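Fold and geometry: a report
So you can see what is in the structure, the chains are spelled out below.
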Amino acid sequence: MTDKLRGMLAAVVVAALAATVPAGAQTPAAKQELVVAIGADTYRLDRVRGDVALSRVGGPAKTIFETLVRLGRTYQLEPGLATSWEFVGRNTWRLTLRRGVRFHNGQPFTAAAVKWTFDRIAQAGGGTAAIGEGSAKIVDDFTVDITPATPNVRLIEQIVHPTYGIVAPNTFPGPATEAASRPTGTGPFRLVEYVRGNRLVVEGNPDYWGAKPRLQRITFRFMPDANTRVLGLRSREVDFAVAVPREIANELERTPGMRVVRSPVGQYEAVYIAIHGREPYVLGREKAVRQALSLAIDKAAVVRNVWQNNAIVSQTMIPPSMLGEHTRIVKGTPYDPAAARRILDEAGWRSGPDGIREKGGRRLSLVMVVGFPNAEIHRPFPELAQGMLRQVGIEVRILITPDVSSYETQLGKGEGDLWVEAGNQNDANPCFLPDLLFYSKPGARQENEYGLLFGPGPVFDRLIEVCRTTADPERLREVAAQAMALLIDQEAIVVPIAGTFNVLGLSERVQGFLPHPSGLNQGWEAVWISN
Amino acid sequence: MLPYIGRRILNLVPVLLGISLLAFSLSALAPGDPALRILRLQSDAPPTRAAVQKLRAELGLDAPFPLRYLRWLQDAARGDLGESYRTGEPVLRALALRFPATAQVAVASTLLALVISLPLGVFSAVRRNAPVDHASRIWALVGASMPSFWLAYVLILMFSVGLRLLPVAGHGTLAHLVLPSVTLALGGAATLTRLTRSSLLETLGEDFVRTARAKGLGSFSVIARHALQPGLIPVVTALGIRLGHLLAGAAIVETVFAWPGIGKFVVDSIYDRDYPVIQGFVLFTGIVFVLVNLLVDLLYVWIDPRIRIEAGRG
């Protein structure tokens with residue numbers, strides 16, 4: 001086992017230990033009510049489904065709706081509303097549904113509900129699973145066939161995402177403002193109250209088919225400001241605060257009566273280098289420049305100084321737990337400024353009068369675009385990287401976009417060399433990120449700005465096509481690792497910086513909470529309050 | 001008086017036309033594509049170029065700018081401000097739902113600012129260069145310099161975390177209103193205190209005040225009956241502008257206190273390029289400002305008899 005892998009596993013174990021019930025005889029409080037401070041009320045009406053709105057909130061959606069297949073804490077598949085599934089050929093999966101399940105409105109859960117939900121997903125665009133009109137076919141009341149609109153063997157790994165949560169048929173008929181008051185799923189909690197911009201309250205579902213939730217009620221309070229969430233925790237107004245800012249986490253940990261819990265890695269920060277840019281954004285086309293960039297960034301320093309140790313150095317971008325043994329296929333790049341200088345020297349980039357390298361009269365000056373999903377999350381990485389790259393003779397001009405719309409526009413125009421992004425893994429498909437961002441076959445169904453700017457080309461695309469068509473999970477992980485190795489080690493198009501944790505603050509009274517690396521898939525059934 | 005009010009309300013039309021055109025132009029120039037944002041929010045995958053183009057066409061965003069503006073104007077004239085791209089709600093309804101929370105905190109903080117600043121400003125002017133005046137000027141300087149988000153955190157730390165007297169955030173009870181109102185009031189009160197002081201000092205030097213004193217009226221009587229009323233005109237102007245601003249939402253304070261007002265909603269709409277909401281908000285803000293200014297003008301008439309005569313003649 002490599003030191004790197006050992007370090008990653010240690011971090012996972014530490015996070016898990018920190019999250020489990022502390023030793024000692026804790027007794028449950030009489031009142032099992034939890035108040036959770038979450039982010040802004042992102043309620044949005046999907047014009048077709050309505051329920052998608054709630055799934056964006058993360059926690060609350062997961063309490064109300066359930067998916068056919070669940071995503072475990074190490075990204076493994078677990079039975080949900082489907083008890084088993086098999087690939088029956090011709091791009092079709094057959095799922096056997098759980099019996100004896102009822103929606104919160106008393107309606108029985110059958111294949112008709114799956115068809116109703118999937119037809120609406122199709123109308124809303126189909127998502128990554130490529131659900132089309134008529135993709136879901138009822139075989140009998142408890143058996144359903146799902147055939148994606150395009151060849152896609154990854155369906156089962158994809159439908160763990162909460163946007164594929166099953167909705168009670170014929171709900172959400174009303175206008176937007178009424179819709180959120182009636183989300184009806186099969187989950188362990190059911191909706192009691194939704195007050196726009198203020199709170200969403202759920203109560204335990206006594207008829208839940210699985211382990212009964214220990215909490216009687218959860219109040220999710222919308223608090224857009226992260227500092228306010230932490231202050232709410234410190235004032236005991238809330239028991240739980242999500243997305244604790246990394247600058248506060250360590251201090252909060254020292255506060256009596258408080259705990260800080262960190263999830264296993266499920267998110268990443270990375271730099272993508274444009275290899276298909278147009279003038280003047282063409283320097284990333286040169287492999288030597290990309291390799292030098294990759295070697296000149298001290299990732300450990302970023303983890304320490306930017307992420308305040310709420311992250312690990314990650315060389316894979318994909319959460320390491322997803323790749324298993326195959327993680328070792330991705331070597332990553334060490335911090336080696338001397339090697340970076342050597343590579344640039346060999347490529348003919350010579351130091352200019354101000355220390356910035358030049359070749360053929362052109363300065364080695366790059367534009368770093370920062371703004372996805374927002375600029376704040378990266379601060380002060382751009383400045384730190386700017387200093388590190390200057391050490392090897394690369395000039396970086398930082399462009400902070402005011403919001404994600406501006407970032408997307410910038411990306412669409414391809415006006416930048418380096419693109420700093422943070423993202424997360426919310427399904428069980430290890431090829432999700434490489435497929436989503438770097439597949440670039442011309443005319444492909446999912447052709448988007450990322451593939452056009454960063455796509456490595458046919459060799460990579462063939463690996464992704466294997467990902468899409470192999471039914472062997474081990475082969476899938478291996479190919480995903482090979483695709484990442486191509487992006488990171490061979491082509492140096494992606495410079496993974498850090499694998500980051502969800503940081504959560506909670507009162508010591510909160511027990512049984514197991515943080516999920518994918519915040520959207522966080523479950524609350526096992527949580528309870530001690531005296 | 002009524003024709004004057006009628007004329008002022010008629011003035012609304014060109015003002016609103018002007019600002020709506022400006023806002024429309026700025027939206028068109030700003031980077032970002034609403035169709036792309038909607039699709040990003042709806043799906044777990046970045047949308048394809050084709051999907052973005054299709055939605056742009058559905059939303060009418062592919063039409064030329066003048067045509068889009070004229071269509072919007074036509075609908076707005078019928079009272080239809082369109083639907084929010086993000087939430088699907090009618091814009092008018094979305095704004096109306098959030099306005100009461102904004103109005104609560106705007107009115108409460110304005111009244112509070114007035115209650116603090118008026119006596120302090122008067123006292124400071126009357127006791128010019130006395131220790132109380134110096135203290136009041138220092139307070140005004142400090143109050144005006146404090147960023148509202150910083151003040152908000154300090155107040156939460158003191159009254160919610162430390163003393164546990166008031167809720168950290170939220171909306172619904174009188175207790176929830178206290179901290180956001182105080183946060184907004186303190187900054188405003190500082191400015192108004194200085195304004196009251198300087199305006200009153202100027203009025204105290206006027207001939208009619210000297211005459212009142214020569215008639216043997218007491219100090220309180222001179223200030224309360226003669227000097228204060230005309231001295232309030234600049235204060236009322238500043239108060240009107242401030243109220244107009246607050247009624248248009250206070251995004252930072254709303255964010256910190258999780259106050260479900262119009263400010264945060266509109267800022268999010270700007271981030272997501274939700275054009276119908278932005279347009280509706282600009283129109284709404286224009287109306288609020290014009291009406292508040294009208295109210296301020298009417299208050300002038302009540303405060304200063306000379307203005308009454310001019311308004312009557314006009």
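Things to note about the pairing of strand β22 (residues 503–507) of chain A
Residue and element names in this part refer to chain A. Taken across its 5 residues, β22 has 5 buried, putting it largely inside the fold. The sheet contact formed by strand β11 (residues 240–241) and β22 spans 2 bridges and is antiparallel. Opposite Ala241, over in β22, you have Gly505 as the bridge partner. Inspection of the sheet shows strand β12 (residues 258–262) paired to β22 by 5 bridges, in the antiparallel sense. Paired with Met258 across the two strands is Ser507, which belongs to β22.

A closer look at a nonpolar patch on the surface
Where nonpolar side chains cluster on the molecular surface, the patch consists of Ile9, Ile287 and Leu291 of chain B and spans about 230 Å² of accessible area. Within the fold, Ile287 of chain B resides in helix α14 (residues 275–303).

A few points about the environment of Trp419 of chain A
Residues and elements named next belong to chain A. Counting through the fold element by element, Trp419 comes out in strand β20 (residues 418–424). Each C-alpha atom, one on Trp419 and one on Ala311, is 20 Å from the other, the two residues being 108 residues apart in sequence. Those residues in contact with Trp419, other than ones at most four positions away along the chain, are Ala270, Val271, Tyr272, Ala274, Val369, Tyr407, Gln410, Leu411, Gly414, Leu453 and Phe454. Here the side chain of Trp419 touches Gly416 through a polar contact of 3.4 Å, landing on its backbone oxygen.

Points about the packing of helix α1 (residues 2–29) of chain B against α14 of chain B
Residues and elements named next belong to chain B. Relative orientation of the contacting elements α1 and α14 amounts to 150°, with a least axis distance of 9 Å. Considering their axes alone, α1 and α14 lie roughly antiparallel with respect to each other. In this structure, α1 meets α14 at a crossing whose hand is right-handed. Where α1 abuts α14, its residues Tyr4, Ile5, Arg8, Ile9, Leu12, Val15, Leu16, Ile19, Ser20, Ala23, Phe24 and Ser27 lie against Tyr275, Ile278, Gln279, Val282, Leu283, Gly286, Ile287, Val290, Asn293, Leu294, Asp297 and Leu298.

Regarding the pairing of β20 of chain A
Residue and element names in this part refer to chain A. Burial analysis of β20 places 6 of its 7 residues in the buried class, which makes it a mostly covered element. Relative to β20, strand β13 (residues 267–273) runs antiparallel, the two sharing 7 bridges. Its bridge partner lying in β20, Gln267 is registered against Asn424. The sheet contact formed by strand β18 (residues 365–372) and β20 spans 4 bridges and is parallel. From the neighbouring strand, Val370 faces β20, where its bridge partner is Val420.

Digging into unusual backbone geometry
Glu279 of chain A connects to Pro280 of chain A through a cis peptide bond whose omega is 5°. Within the element layout of this structure, Pro280 of chain A appears in the loop between β13 and α9 (287–296). A cis amide bond, omega 0°, links Arg379 of chain A with the succeeding residue Pro380 of chain A. Tracing the backbone shows Pro380 of chain A in the loop between β18 and α13 (381–391). Unlike most non-glycine residues, Asn129 of chain B shows phi in positive territory, near 65°. In this structure, Asn129 of chain B sits in the loop between α5 (91–126) and α6 (131–145). For Arg164 of chain B, which is not glycine, the phi dihedral falls at a positive 55°. Structurally, Arg164 of chain B can be placed in the loop between α7 (148–162) and α8 (174–204). Accessibility expressed as a relative area gives 47% for Arg164 of chain B, which makes it partly exposed.

A short note on the sheet that holds strand β21 (residues 494–500) of chain A
Residue and element names in this part refer to chain A. Spatially, the 6 strands line up as an open sheet ordered β14-β21-β13-β20-β18-β19, and their pairing is mixed. With partners counted over all chains shown, the strands left at the sheet margins are β14 (311–313) and β19 (395–400), one partner each. Ignoring strand direction, the axes of neighbouring strands in this sheet form an average angle of 25°. Running at roughly 140° to β18, helix α14 (residues 404–413) makes contact with β18, β19 and β20 of the sheet.

Criteria and cut-off values
- The residue numbering used here restarts from 1 in each chain and proceeds along that chain's sequence as written.
- Chains and ligands are labelled sequentially in the order written, the chains with letters from A and the ligands with numbers from 1.
- Reporting in this predicted model follows two pLDDT cut-offs: at least 70 for local features of residues, and 80 or more for side-chain atom pairs to be given and counted; totals over whole chains, interfaces and linings ignore these cut-offs and use all residues.
- Computation of side-chain values covers all heavy atoms of the structure but excludes hydrogens and water.
- Any residue under 20% of the maximum accessible area for its type is buried, any over 50% is exposed, and the rest in between are partly exposed; the area is computed with a 1.4 Å probe on protein chains only.
- Counting from the N terminus, the helices are DSSP H or I runs at least four residues long and the strands are E runs at least two residues long.
- Should DSSP find at least two bridges between two strands, the strands are regarded as paired.
- Only residues whose relative accessible area exceeds 30% and that form no salt bridge enter a patch; like-charged residues are grouped when within 9 Å of one another, and nonpolar side chains (Val, Leu, Ile, Met, Phe, Trp, Tyr) when within 5 Å.
- Surface accessibility in these figures is a Shrake-Rupley result with a 1.4 Å probe; residues are shielded only by whichever protein chains are displayed.
- We count a salt bridge whenever a side-chain nitrogen from Lys or Arg sits within 4 Å of a carboxyl oxygen from Asp or Glu.
- By the convention used here, residues are in contact when the closest approach between their heavy atoms is within 4.5 Å.
- Pairs of N or O atoms are called polar contacts if they sit within 3.5 Å, as long as, within protein, a hydrogen donor faces a hydrogen acceptor (for residues adjacent in sequence, only side-chain-to-side-chain pairs).
- A fitted line through C-alpha atoms represents every axis, and for helices the fit uses only the stretch in contact; the resulting angles, taken between N-to-C directions, go from 0 to 180 degrees.
- With respect to orientation, any angle under 35 degrees is reported as roughly parallel, any angle over 145 as roughly antiparallel, any angle of 65 to 115 as roughly perpendicular, and every other angle as oblique.
- Note on convention: the crossing is left-handed when the near helix lies turned anticlockwise from the far helix by less than a right angle, right-handed when the turn is clockwise.

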